[in-house]
Amino acid sequence: MSPVLVAACLLCVAYLLGSLSGSLLLGRLRGVDVRTMGSGNAGGTNALRTQGLRFALGVVLIDVGKGALAAWLALRFAPGVAWPAAGLAVLGHVWPVWHGFRGGKGAATAVGALLVLWPLAVPLLLGVWLLVLVTSGYVGLSTVLAAASLPPWAWLFDADAPRLAFSVALALFLAFTHRGNLQRLRHGTESRFERARLLRRRGARA
């Protein structure tokens, strides 16, 4: 098989893997569709709010794992398309062909791909995400700001062009998929994850 055909097949596989939504696959086993509950999103946060912690952990493992697998397959067999494959896995999660093109917002799948292609960035992103979460309680804002920190990290570590391009594209894309959260923040109607607001709890106890 020619290298071009291999690369094309791996890009298709990346999208199809991304289209396997953790919340919808596990939801079928439970007889639920999380898109009809809560925020209507098929991601881990809505799964946690509507189905509980164990269900949400399963969702995150699947969504992270498919991003990692898509990136690993591309890196192993066609390294030149590893970053595009990561992007297609994220697109598949947001617009899954298996689930009527109604999926999640892409963050967990992106983290999975980064674990394979740029593992150093993951603890930095999680650090920003946790910092914003414990101070604000807003999961969507935490995700958007964590993604927005990726291009500066890429610049700081003198990343190559594909890595930098993916960083910028991911930051913009996650801002797009979280546009509803950002609009609700502006209008003061966004839901908080109160249990995560550790700093406020400590202040209240003091």
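Placed above this text is the structure.
Since we're looking at a predicted model, the values are computed, not measured.

Colleague: I'd like to hear about the overall build of the chain, residue by residue, with values.
Modeller: Of the regular secondary structure elements, the chain holds twelve helices and zero strands. In sequence order, the chain lays out its α and β elements as α-α-α-α-α-α-α-α-α-α-α-α. Against the globule reference of 17 Å for 206 residues, the chain gives a C-alpha radius of gyration of 17 Å, in line with a compact fold. Principal-axis analysis of the C-alpha atoms gives the chain an extent of 65 × 45 × 30 Å. Taken over 206 residues, the chain has a buried fraction of 43%. When contacts within the chain are restricted to residue pairs at least 6 apart in sequence, those whose partners lie at least 24 apart make up 65%.

Colleague: So, the environment of glycine 180: which residues are in play, and what are the values?
Modeller: Assignment of secondary structure puts glycine 180 in helix α11 (residues 179-187). Sequence-wise, glycine 180 and glycine 140 are 40 residues apart; in three dimensions their C-alpha atoms are separated by 9.2 Å.

Colleague: Break down the packing of helix α4 (residues 53-77) against helix α6 (residues 107-117) for me, citing the residues and quoting the values.
Modeller: At a minimum axis distance of 6 Å, the contact between α4 and α6 shows a crossing angle of 40 degrees. In terms of orientation, α4 lies oblique with respect to α6. Crossing handedness for the pair α4 and α6: right-handed. Contact residues: α4 offers Asp63, Val64, Lys66, Gly67, Ala68, Ala71, Trp72 and Leu75, while α6 offers Ala108, Thr109, Gly112, Ala113, Leu115, Val116 and Leu117.

Colleague: I'd love a proper account of the packing of helix α5 (residues 82-94) against α6, names of residues and values included.
Modeller: Where α5 contacts α6, the two axes come as close as 9 Å, and the packing angle between them is 160 degrees. One finds that α5 runs roughly antiparallel with respect to α6. Of the two possible hands of crossing, α5 and α6 adopt the one that is right-handed. Contact with α5, carried on its side by Ala82, Trp83, Ala86, Ala89, Val90 and His93, involves Thr109, Ala110, Ala113, Leu114 and Leu117 of α6 and no other residues of that element.

Colleague: Describe the pattern of salt bridges, naming the residues involved and giving the relevant values.
Modeller: Summed over all chains, the structure comprises four salt bridges. Between lysine 66 and aspartate 63 there is a salt bridge whose closest N-O contact spans 3.4 Å. Taken together, the positions of lysine 66 and aspartate 63, both in helix α4 and three residues apart, correspond to about one turn of that helix. Taking relative accessible area as the criterion, lysine 66 reaches 5% and is therefore assigned buried. For aspartate 63, a relative accessible area of 2% corresponds to the buried category.

Colleague: Which residues make up the packing of aromatic side chains, and what values go with them?
Modeller: Under the counting rule described, the total for this entry stands at four aromatic pairs. Ring centres of phenylalanine 173 and phenylalanine 176 lie 6.3 Å apart, and the angle between their planes is 35 degrees; on these two criteria the pair is classed as tilted. Residue phenylalanine 173 and its partner phenylalanine 176 are both found in helix α10 (residues 161-177); the two are separated by three residues, about one turn of the helix. Here a set of aromatic residues connected by ring pairs shows up, and it is made of Trp95, Phe173 and Phe176.

Rules used in this analysis
Residues numbered from 1 in each chain as written. Predicted model: local features only at pLDDT ≥ 70, side-chain atom pairs only at ≥ 80, totals over all residues. Heavy atoms only, no water. Helix = DSSP H or I, 4+ residues; strand = E, 2+ residues; numbered from the N terminus. Rg over C-alpha atoms; globule rule 2.2 N^0.38 Å. Buried < 20%, exposed > 50% of the residue type's maximum accessible area, 1.4 Å probe, protein only. Contact = heavy atoms within 4.5 Å. Axes fitted to C-alpha atoms, helices over the stretch in contact; angles between N-to-C directions. Parallel < 35°, antiparallel > 145°, perpendicular 65-115°, else oblique. Left-handed = near helix turned anticlockwise from the far one by under 90°. Salt bridge = Lys/Arg side-chain N within 4 Å of Asp/Glu carboxyl O. Phe/Tyr/Trp six-rings, centres within 6.5 Å; stacked < 30°, edge-to-face > 60°.

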